[in-house]
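Here is how the chains run, residue by residue.
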Amino acid sequence: MTTETTPAEPPTGPPGRGRERRRLLRELLLVAGLFTVYKAGRMLSTGRTDEAFRNAARIWDAERTLHLPGEGAIQGLLLHGDTLIRTANSYYAGVHFPATALFLVWLYVRRPGHYLWTRRVLAVLTGAALALHLAFPLAPPRMLHAAGLVDTAQVYGPTVYRAAPATDTLANQFAAMPSLHFGWALMLALGMIAATRSRWRYLWLLHPLVTLLVVVGTANHYWLDAIVAAALLGAALLLVPRPVAGGSRIAAVSPAGASRGAALPEAVSSEVSEVVSSEAGYSEAASPAAVSGAAVPDGVSAARAAVPGPRRGRAGSVPAGAGSRR
């Protein structure tokens with residue numbers, strides 16, 4: 001008489017849901033707190049108008065010395081049509097925060113390990129940007145008379161800034177360097193490339209490319225603002241370790257491994273250990289059925305055959321008395 005047993009299902013009761021709710025609440029409070037600190041910190045440099053314009057003149061001269069293309073070349077392309085320039089203004093005003101928020105939500109739900117990595121990288125990048133905003137206030141090119149650029153948001157709309165920077169209590173318009181519009185967009189693209197496996201995933205790089213053209217063409221940022229943002233992001237990526245993805249399947253061991261003798265079980269053990277992830281979301285663990293159904297290498301079969309055990313008859317039954325002796 002044989003009985004079939006099924007593996008016990010993991011508990012999914014209220015305690016698990018409670019932990020998940022607490023974790024979600026903790027993440028929401030953490031992200032909201034970091035953003036609030038950043039917004040409050042940016043406002044500390046709003047009264048340094050003269051210094052911001054002096055720095056703007058220095059950046060403009062530095063770009064000409066470096067022979068960077070003029071921001072006016074990109075703006076000239078956008079000004080060919082009202083629809084095009086309004087679309088660029090809308091992209092600047094309406095894509096930055098929603099796209100980043102959706103990106104983090106998707107990672108939290110589908111790739112928890114990559115979410116932690118991305119959140120830490122963005123926190124380091126944003127903290128470094130805040131320090132630079134306070135140390136180096138900078139008026140954007142739309143305010144610099146020497147640049148001869150149009151404030152497209154004020155002329156064509158929509159805009160997120162008030163006309164007079166001194167009366168703008170919601171945003172610091174003298175925090176142009178670095179461009180977090182570009183820095184966050186670049187991290188979004190790199191995060192999606194790292195967290196997905198589609199052959200089309202590199203198309204995510206179009207987002208920071210479009211963002212770069214938009215922030216420069218609308219005269220909200222200099223080229224150097226984006227270059228500095230990319231450099232700070234690179235430093236943040238070096239400081240924050242990336243998630244290490246484990247294998248989702250047990251890799252087959254070649255028959256040649258049988259000739260390694262005692263080293264073979266260790267190799268098999270290392271393959272099996274890849275199934276287990278050190279943190280949820282870093283890999284998808286193989287199911288018990290997948291493990292039990294995996295192909296057994298010939299070397300392992302040979303090793304099993306060499307292990308002493310009770311002899312079986314032709315029909316596969318164990319002879320009576322073989323299991324004990326008196």
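Residues numbered from 1 in each chain as written. Predicted model: local features only at pLDDT ≥ 70, side-chain atom pairs only at ≥ 80, totals over all residues. Heavy atoms only, no water.

1. Here we look at the side chain of Thr118
Thinking step 1. Along the polypeptide, Thr118 turns up in helix α6 (residues 112-135).
Thinking step 2. What Thr118 contacts, discounting residues up to four positions off in sequence, is Phe103, Leu104, Leu107 and Met187. (Helix = DSSP H or I, 4+ residues; strand = E, 2+ residues; numbered from the N terminus. Contact = heavy atoms within 4.5 Å.)

2. Some words on the layout of surface pockets
Thinking step 1. The volume enclosed by the largest pocket comes to roughly 620 Å³.
Thinking step 2. Together, 24 residues line the largest pocket, and Val31, Ala32, Phe35, Thr100 and Leu104 are the ones closest to its centre.
Thinking step 3. Residue assignment for the lining of the largest pocket shows that the elements contributing at least two residues are α1 (14-42), α5 (96-110) and α6.
Thinking step 4. Of all the elements, α1 adds the most residues to the lining of the largest pocket, at 9 residues. (1 Å grid on protein atoms, 1.4 Å probe; cavity = no way out; pocket = protein on both sides within 12 Å on 5 of 7 lines; lining within 4 Å. Points joined across faces, edges and corners; volume = space filled by probe spheres on them.)

3. Describing a nonpolar patch on the surface
Thinking step 1. Taken together, the side chains of Trp200, Leu203, Leu206, Leu209, Val210 and Leu213 define a hydrophobic patch exposed on the protein surface, amounting to about 580 Å² of accessible area.
Thinking step 2. By secondary structure assignment, the location of Leu203 is in the loop between α8 (180-195) and α9 (206-217). (Patch = residues over 30% accessible without salt bridge, like charges linked within 9 Å, V, L, I, M, F, W, Y side chains within 5 Å. Areas by Shrake-Rupley, 256 points an atom, 1.4 Å probe, with all protein chains shown as cover. Salt bridge = Lys/Arg side-chain N within 4 Å of Asp/Glu carboxyl O.)

4. Regarding α5
Thinking step 1. Compared with the 21 Å implied by 1.5 Å per residue over 15 residues, the 21 Å span of α5 between its first and last C-alpha is a close match.
Thinking step 2. Of all the residues in α5, the buried ones are His96, Thr100, Phe103, Leu104, Leu107 and Tyr108. Viewed along the axis of α5, the buried residues span an arc of 130 degrees, placing them on a single side of the element. Across α5 from its buried face, at more than 90 degrees, point the exposed residues Leu102, Val105 and Val109. (Expected span 1.5 Å × (residues − 1). Buried < 20%, exposed > 50% of the residue type's maximum accessible area, 1.4 Å probe, protein only. Arc of directions from axis to C-beta.)

5. A closer look at a positive patch on the surface
Thinking step 1. There is a patch of like positive charges on the surface, built from Arg17, Arg19, Arg21, Arg22 and Arg26.
Thinking step 2. Counting through the fold element by element, Arg19 comes out in helix α1. (Lys, Arg positive; Asp, Glu negative; His and termini not counted. Charge placed at Lys NZ, Arg CZ, Asp CG, Glu CD.)

6. Considerations on helix α10 (residues 223-239)
Thinking step 1. In this model, α10 (17 residues) spans 25 Å end to end at C-alpha, consistent with the 24 Å of a helix rising 1.5 Å per residue.
Thinking step 2. All of the buried residues in α10 are Trp223, Leu224, Asp225, Ala226, Ala229, Leu233 and Ala236.

7. Observations regarding the environment of Leu122
Thinking step 1. Looking at the element boundaries, Leu122 is found in helix α6.
Thinking step 2. With relative accessibility at 9%, the residue Leu122 sits in the buried group.
Thinking step 3. For the pair Leu122 and Leu180, spaced 58 residues apart in sequence, the C-alpha to C-alpha distance is 9.9 Å.
Thinking step 4. Ignoring any residue separated from it by four or fewer positions in sequence, one finds Leu122 in contact with Thr100, Leu104, Trp184 and Met187.

8. Details of the packing of aromatic side chains
Thinking step 1. Inspection of every chain in the model, using the stated rule, returns 4 aromatic pairs.
Thinking step 2. Aromatic pair Tyr92 and Tyr161: ring centres 6.4 Å apart, planes at 55 degrees, arrangement tilted. Within this pair, whereas Tyr92 is found in helix α4 (residues 82-94), its partner Tyr161 is found in the loop between α7 (152-156) and α8, the two being separated by 69 residues in sequence. Both residues of the pair, Tyr92 and Tyr161, belong to the buried class.
Thinking step 3. A centroid spacing of 5.3 Å and a plane angle of 85 degrees characterise the contact between Tyr108 and Tyr115, whose relative ring orientation is edge-to-face.
Thinking step 4. Residue Tyr115 is classed as buried on the basis of its relative accessible area of 4%.
Thinking step 5. We note Arg64 situated over the ring of Trp60; from NZ or CZ to the ring centre the distance is 4.2 Å.
Thinking step 6. Geometry around Trp117 places Arg242 over its ring, the cationic atom sitting 5.5 Å from the centre. (Phe/Tyr/Trp six-rings, centres within 6.5 Å; stacked < 30°, edge-to-face > 60°. Lys NZ or Arg CZ within 6 Å of the ring centre and 35° of its normal.)

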